[in-house]
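Okay, here's what each chain looks like letter by letter:
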Amino acid sequence: MPRNRTFICQTLYGIAALLALGVQSAFASVNYDDLRALAPESRLRETIGFLAGLDSRVTGYPGAEQATRYVQRQFTEIGLDDITLHKYDVSVPVEKGGFLQVEGDSPPIDLHGLWPNLVRTPTLPDGGLDGHLLYGGTGEYEELDGLDLKGAVVLLDFNSGDNWLNCAYLGAAAVVFSEPDSTVYLEGERKFLTMPLDLPRFWVTKAAGDQLRAVARTGVSQVHLEYRMDWERQPAWNVLGFIPGYDPLLQKDVIVIESYYDAMSVVPALAPGAEQAAGITGLLELARYFRAHPPARSVVFLATSAHHLAMRGIDDFIQRYLRDEDPFIDRMVIRRVVEASIANGFISAGDDGISYGVGSQTFVGKEGLIRHVADEDSVLVKSILADALARGESMIQPVGEGLDLIVPDGEDIRTEHFDDEEELAEALVEDEDLRLGFYRRWVDPKVDSLDVKLFVSLDLSSQTDELGVWNSNSSFYYKRYFAPFGKNFMRYSRQVSRELGYTFRDVLVNGISPEGGKSWETFVPGEISVNSELVLTTGTPALAFVTVNDARFLVDTPLDRPDKVQYENLGRQIRALAGMFHMALEDPELFPDFKMRLKDTLRSLKAKTMVFPRRSIVPDLARTDAVAVVRNGKKKSYKGVRGEYFEVVDDEGAFFVNRLRVNQVQIEGYYMDPATGRITYAPDRGIQGDESYPMLIKMDWRDKEWMVVLFPCEAYNFYDIVEIRRCFFQH
């Protein structure tokens, strides 16, 4: 017995030593001299300076496309493998330009519109707007006392909360805000509404504001305004780059590290987004680090756009790679088929970046094209078949005078014999399962697929140097799964802080299992939306690394400029992340050792905006060019991330939203007259509309279809309405 006991003890000590050696080797493999040299301030300034100098990185604006090309160039210069652009489309209010002209010979002043009141943009009627100019200060009633605001153009200080509504109550025709010396995002959020109030609101520079203030005080000035902002579909891009893992066992674990590169502002045409560029700056530095220090696990570096448009960018990545339920698994195959077909010329892409042609049909928006190919296509499949035959692809084998088609069928192989190509083509059109198997076999070598083990989202800012790790959800169910990740990263952060000379508690806080009864909200003043939240709803493990204890006061404003960025704080965060990620990617015990299955609960909606034709009892006429709104119970903005979903409908009145996380939503639709900008069709809340086709619907199917009925209308503003029948006094 003693000898056996000694042997067992020696064995246990040996195993413990090997485990300790494995952990220590991960720590020891970090070159801390190289880590200290990472993220020099000069390079951080260069990256943020370029991105913030693009006027506006709101997705759909020219600066956003320039930012895409910049990120792509950076990935190329760094030397990432398999750099890929994924194009999708977004619906966004796009400024077309405008000016204010004071009566006389003075030069016109540039106007920039504010974010729409729901869908109502600040567009003015053809020919513009004329009115007398008044200065209303901060818009308090005391400052407006004695002024005749009916039909006036009122100049207000931007830092005036929502007092612009006081001007609306008193009959103002438009409000112009003057740029302040400083502001906060809360001021921006109070300048637009979640109802379509018809009151144009504009921004002018500080110099122009001073000029107009002086003119308004003369009391006799007339001004002329012209302006246009339209809802449009615009192309957007995600950029991916890859570094393969060097470890034969761990390299199959694919880790995605992601950050957004777009920006948002209450004045969409003026969105420098310097603080909002902190995350993509960090992602580029991490890519440089891991290119020079290859990781054991494989890493995808993902730069997403349209984060601030209700996380549309990460939604595109999710629909391509991360769905885990039917029918979305099959649609992932169809998306790859569509991309390969565009690359091979079977689908033509329009010069506008949002339209696609299949045979004689044209589709505006890629999602409508994908649904068509999945459900009812008979043209594309024949083009692909002809190509497969011409290339002699192995899935089609000549047998005698006929053809055998060999395709996957679940885990089995399905072989079907056909007399000729025509019979095979007809079978592919008619048999959905056969067609899907054919597509799957055809596309596999042509378009990439990913099996993501862990998704990591970066949402950085610079006013503090403190990071937090969060599991993207407050549910206890998820905390059980993610608690080991929190412990591991706290362990890595201790080592990094010790080696770099940082204060440990300033490097990382554990938002998964906070100490002292705190919650994640304790560390994040105000709410933010991180892309990993949406990823987690697909059943993919997802973490977020977020700058904590930073209120991010300047985001979502035109004053989010590079001179306010604290580059030293940002550099410290990036170096800490690189060290922690290096250890995590080397650690064989990174992932929890239990079989807890995360579920894909994300839902999809296809809906149409319809009207009643004359002499019809069915709303079967599409209201094209409308803007659909999906209200999902979210706030209107989360520090720049818009809460509601907006979609410009296609030629059939249809729109698609794939990223619904809630059990019920409200669907609305509006059409604006192009000549006036005013709403001329709105949701029908009467017997033939909402009572027959409710706007508030339960998402009781994974893939829901619905419609919203619109009616022709005249738009009026009503304020402080009280229903007399419900008024009573309580004694």
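You'll find the structure just up there.
Residues numbered from 1 in each chain as written. Predicted model: local features only at pLDDT ≥ 70, side-chain atom pairs only at ≥ 80, totals over all residues. Heavy atoms only, no water.

It is worth spelling out the environment of phenylalanine 594 at this point. Within the secondary structure layout, phenylalanine 594 lies in the loop between helix H20 (567-586) and strand S21 (603-611). With relative accessibility at 35%, the residue phenylalanine 594 sits in the partly exposed group. Distance from phenylalanine 594 to glutamine 361, taken between C-alpha atoms, is 50 Å for residues 233 residues apart in sequence. Apart from the residues lying within four places of it in its own chain, the contact partners of phenylalanine 594 are Arg480, Tyr481 and Pro484. (Helix = DSSP H or I, 4+ residues; strand = E, 2+ residues; numbered from the N terminus. Buried < 20%, exposed > 50% of the residue type's maximum accessible area, 1.4 Å probe, protein only. Contact = heavy atoms within 4.5 Å.)

So, about the packing of aromatic side chains. Scanning all chains against the criterion turns up 23 aromatic pairs. Relative to phenylalanine 455, the ring of phenylalanine 317 has its centre 6.3 Å away and its plane inclined at 45°; by these criteria the two rings are tilted. Of this pair, phenylalanine 317 sits in helix H10 (residues 312-321) while phenylalanine 455 sits in strand S17 (residues 452-459); the two residues are 138 residues apart in sequence, bridging distant segments of the chain. Exposure remark for phenylalanine 317: the relative accessible area of 0% places this residue in the buried category. For phenylalanine 455, a relative accessible area of 0% gives the class buried. (Phe/Tyr/Trp six-rings, centres within 6.5 Å; stacked < 30°, edge-to-face > 60°.)

In this section: a negative patch on the surface. Together, Asp375, Glu376, Asp409, Glu411, Asp412, Glu432, Asp433, Asp625, Asp651, Glu652 and Glu705 make up a region of like negative charge exposed at the surface. Tracing the backbone through its elements, the reader meets aspartate 375 in helix H12 (residues 366-375). (Patch = residues over 30% accessible without salt bridge, like charges linked within 9 Å, V, L, I, M, F, W, Y side chains within 5 Å. Areas by Shrake-Rupley, 256 points an atom, 1.4 Å probe, with all protein chains shown as cover. Salt bridge = Lys/Arg side-chain N within 4 Å of Asp/Glu carboxyl O. Lys, Arg positive; Asp, Glu negative; His and termini not counted. Charge placed at Lys NZ, Arg CZ, Asp CG, Glu CD.)

Turning our eyes to something else, we now look at unusual backbone geometry. Following aspartate 326, the chain continues to proline 327 via a peptide bond in cis, the omega torsion being 0°. Mapped onto the fold, proline 327 is located in the loop between H10 and helix H11 (328-344). Positive phi, normally seen in glycine, also occurs at methionine 311, with a value near 60°. Mapped onto the secondary structure, methionine 311 falls in the loop between strand S10 (298-304) and H10. Residue methionine 311 is classed as buried on the basis of its relative accessible area of 4%. Phi at lysine 639 takes a positive value of approximately 50°, unusual for a residue other than glycine. Locating lysine 639 in the fold gives a position in the loop between strand S24 (637-638) and strand S25 (641-642).

Right, let's talk about the packing of helix H3 (residues 41-52) against H20 for a bit. Packing of H3 against H20 brings their axes to within 10 Å, and their N-to-C directions diverge by 105°. With respect to H20, the element H3 is oriented roughly perpendicular. Where H3 approaches H20, its residues Glu41, Leu44, Arg45 and Ile48 are matched on the opposing element by Tyr567, Leu570, Gly571 and Ile574. The class makeup of the residues in the contact of H3 with H20 is five nonpolar, one polar and two charged. (Axes fitted to C-alpha atoms, helices over the stretch in contact; angles between N-to-C directions. Parallel < 35°, antiparallel > 145°, perpendicular 65-115°, else oblique. Nonpolar A, V, L, I, M, F, W, Y, C, P; charged D, E, K, R; others polar.)

Our next topic: the sheet that holds strand S12 (residues 355-358). Spatially, the three strands line up as an open sheet ordered S11-S12-S13, and their pairing is antiparallel. Taken across any chain shown, the strands that pair with only one partner, and hence form the sheet edges, are strand S11 (348-349) and strand S13 (361-364). Packing against the sheet, H12 makes contact with S12 and S13, and its axis sits at approximately 130° to S13. (Pairing = 2+ DSSP bridges.)

This paragraph deals with the side chain of serine 160. Topologically, serine 160 is positioned in the loop between strand S5 (153-157) and helix H6 (164-169). Aside from chain neighbours lying at most four places away, what touches serine 160 is Thr138, Phe177, Glu187 and Lys191.

Moving on to the sheet that holds strand S15 (residues 402-409). Taken in spatial order, the three strands line up as S14-S15-S16 in an open sheet, and their pairing is antiparallel. Strand pairing shows two members of the sheet lacking a second neighbour, strand S14 (396-399) and strand S16 (412-418), which therefore form its edges. When strand polarity is set aside, the average angle formed by the axes of neighbouring strands in this sheet is 25°. For S15 and S16, the ladder comprises seven bridges, and the chain directions are antiparallel. Considered in S16, the bridge of proline 408 is made with isoleucine 413. The strands that helix H14 (residues 421-430) touches are S14, S15 and S16; relative to S15, the one it contacts most, it runs at about 25°. Relative to the sheet, helix H15 (residues 432-443) contacts S14, S15 and S16, its axis offset from that of S15 by approximately 85°.

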